[in-house]
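Coordinate analysis (summary)
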Amino acid sequence: HWALAGTGSRLSLFLNRSVHLQGLTQQYDEMGVVALFGFLTTYWLKDARFRRISLGLCLLALALSGARTSILALLLCLACLWVYKKGANRSIKGISVALSSGVLAIGVLYLTLTGFTGAPGFTDNLGTLNGRTLVWSLTLDQWRQGPLVGYGPSLWSAAYRASHGFTDLTWVGMAHNQFIQTLGESGLVGFVALIAFVLALVCWAWRSRSVDRGLALRLVIALLLIMI
């Protein structure tokens, strides 16, 4: 019972289940993140004992958690790893990365635009794939009231929801996007600091790629997807 998290009458879109594996974490999405990082780290340890068993268990935990963001992050990390390994020729690697990034960027842009504008398409009456654009819009509206320093650390707390008439949004504990949350919580000051930290993290991971065979890069890519 403590290892599973029920979702009520609504079935999960993944594997069509009504329960998710949450393990020892507070929520099944967090279990997905743990399993994802466990898989990436184990995959990096080429000479580790029981490596295949560990990889299998991590994949199983990730699948049972139903954490779609972590599953998507794993697929993207493995795709980047494949391009990095196979693309010994720099021109081939550059073209592959550029094409993959372009396709991904266009897809994300399309889903974002249809979510905000309701443009006709296969996303009619859906909004976005994760249904978070309402929370993003409300958070950005709050940020515009204090652009420099934001609302403060109590943004999207229970007291904030009650005082602003968002009592029906009981599932919202944050903006469900770290960049938008930081913008609403601490304004441009915190947002610039977060961007600087992320850029420093990416640069450090890129410099470390020859030493750790791309482990840090994979972890950073997964982290960025989860933050978004």
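Structural notes, computed from the coordinates. (Residues numbered from 1 in each chain as written. Predicted model: local features only at pLDDT ≥ 70, side-chain atom pairs only at ≥ 80, totals over all residues. Heavy atoms only, no water.)

Right, let's talk about the packing of aromatic side chains for a bit. Going through the model one piece at a time under the given rule, you end up with five aromatic pairs. Consider the rings of Tyr151 and Tyr160, whose centres lie 4.8 Å apart with planes at 75 degrees: the pair is edge-to-face. Since its relative accessible area comes to 33%, Tyr151 is described here as partly exposed. Take Tyr160: its relative accessible area is 2%, and that puts it in the buried class. Ring plane angle 45 degrees and centroid distance 6.3 Å describe the contact between Tyr160 and Phe166, whose orientation is recorded as tilted. Among the aromatic residues, ring-to-ring pairing joins Tyr151, Trp156, Tyr160 and Phe166 into one connected group. When the ring centre of Tyr43 is taken as reference, the NZ or CZ atom of Lys46 above it lies at 4.4 Å. The ring of Tyr43 carries the charged tip of Arg51 above its face, separated from the ring centre by 5.3 Å. (Phe/Tyr/Trp six-rings, centres within 6.5 Å; stacked < 30°, edge-to-face > 60°. Buried < 20%, exposed > 50% of the residue type's maximum accessible area, 1.4 Å probe, protein only. Lys NZ or Arg CZ within 6 Å of the ring centre and 35° of its normal.)

Turning next to helix α2 (residues 51-65). Counted at 1.5 Å a residue, the expected span for α2 with its 15 residues is 21 Å, and the 21 Å between its end C-alpha atoms agrees. Phi for Gly66, located one or two positions after α2, is positive at around 70 degrees. (Helix = DSSP H or I, 4+ residues; strand = E, 2+ residues; numbered from the N terminus. Expected span 1.5 Å × (residues − 1).)

All we've got here are geometric facts, nothing functional implied.
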